[in-house]
Amino acid sequence: MTAMLSPVPHEILDAAIEFFNSREASAKIRRINCQGGKRQMEPQQLVGEWLDNRDGEGDKINVYRSGGEWVLESWSEDGCHSRDKMLVTETEQGLKLEDRGGNLFGEYFLLQDGKLSVCNAQGCMLLETA
């Protein structure tokens, strides 16, 4: 006998979307939504493209300026995608880009002279230019 699945109430879906877009959801958690629909893109200026090979993930990272905001897109080898608006702070080391939604791992990006590094409490790792 086949079990019938009940539809998920709209309120639960709205709450899940709100959490997904909140500060509590890290970039890695938001990847769960990688198979979602296409978004209409606003005009954007490509700042650069890099490869993040930490832990063998092989992510491609693109940084854009879009509508006065900074946006970081990540594409993994399995096709998952995340697109995050970033908070940008000018520091002596370069521009510090932090995920507006927060990052459970304490990671941020550092952009200096066209080079992008991923940083955390242990230090920074320079990413390879794509």
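Details of the structure are given in the entry above.
A brief report on the enclosed structure follows. (Residues numbered from 1 in each chain as written. Predicted model: local features only at pLDDT ≥ 70, side-chain atom pairs only at ≥ 80, totals over all residues. Heavy atoms only, no water.)

Before going further, it helps to examine the side chain of Asn62. Structurally, Asn62 is set in strand β2 (residues 59–66). For Asn62, a relative accessible area of 5% puts it in the buried group. Side chain to side chain, Asn62 and Tyr64 meet in a polar contact 3.5 Å long. With residues up to four places along the chain from it excluded, the contact list for Asn62 reads Leu46, Gly48, Glu49, Val71, Leu72, Glu73 and Trp75. (Helix = DSSP H or I, 4+ residues; strand = E, 2+ residues; numbered from the N terminus. Buried < 20%, exposed > 50% of the residue type's maximum accessible area, 1.4 Å probe, protein only. Polar contact = N/O pair within 3.5 Å; in protein donor to acceptor, adjacent residues only side chain to side chain. Contact = heavy atoms within 4.5 Å.)

Before going further, it helps to examine the state of the cysteines. Applying the stated criterion across every chain, the model contains 1 disulfide. Between the sulfur of Cys119 and that of Cys124 lies a disulfide, 2.0 Å long from S to S. Between Cys119 and Cys124 the sulfur-sulfur dihedral comes to about 110 degrees; the bridge is accordingly right-handed. (Disulfide = S-S within 2.5 Å.)

Where a strand is regular, its side chains alternate between the two sheet faces. Of all 8 residues in β2, 6 are buried; the element is thus mostly enclosed. Strand direction decides the pairing type here: strand β1 (residues 44–52) and β2, joined by 8 bridges, are antiparallel. By the bridge assignment for β2, Leu46 is matched with Tyr64. In terms of strand pairing, β2 meets strand β3 (residues 69–75) through 7 bridges, oriented antiparallel. Residue pairing for β3: Lys60 is matched across the bridge by Trp75. Between the antiparallel neighbours β2 and β3 lie 2 residues, among them Gly67 with a positive phi of about 55 degrees. (Pairing = 2+ DSSP bridges.)

What follows is about the sheet that holds β1. Strand order in this open sheet of 9 strands is β8-β7-β6-β5-β4-β3-β2-β1-β9, and the pairing throughout is antiparallel. Looking at which strands have only one partner, the edges of the open sheet turn out to be β8 (123–126) and β9 (128–129).

Before going further, it helps to spend a moment on the nonpolar core. Core analysis: the largest hydrophobic core is formed by 12 residues, namely Trp50, Ile61, Val63, Trp70, Leu72, Met86, Leu97, Phe109, Leu111, Leu116, Val118 and Leu127. Secondary-structure elements contributing two or more residues to this core are β2, β3, β6 (108–112) and β7 (115–120). Residues within four places of Trp50 in sequence aside, it is in contact with Asp59, Lys60, Ile61, Val63, Leu111, Gly114, Lys115, Leu116, Leu127, Glu128, Thr129 and Ala130. (Core = buried A, V, L, I, M, F, W, Y, C linked by side-chain atoms within 4.5 Å.)

For Asp113, which is not glycine, the phi dihedral falls at a positive 50 degrees. Relative to the assigned elements, Asp113 resides in the loop between β6 and β7.

To continue, consider the environment of Val71. As for its placement among the helices and strands, Val71 is situated in strand β3. If we ignore the near neighbours within four places in the chain, the residues touching Val71 are Asn62, Val63, Tyr64, Ser66, Arg83, Asp84 and Met86.

Looking now at the pairing of strand β5 (residues 94–99). One ladder, built from 6 bridges, connects strand β4 (residues 81–91) with β5; its direction is antiparallel. Its bridge partner being in β5, Thr89 is matched across the sheet by Lys96. Bridging between β5 and β6 involves 3 bridges; their strand directions are antiparallel. Across the sheet, residue Lys96 finds its bridge partner in β6, namely Leu110.

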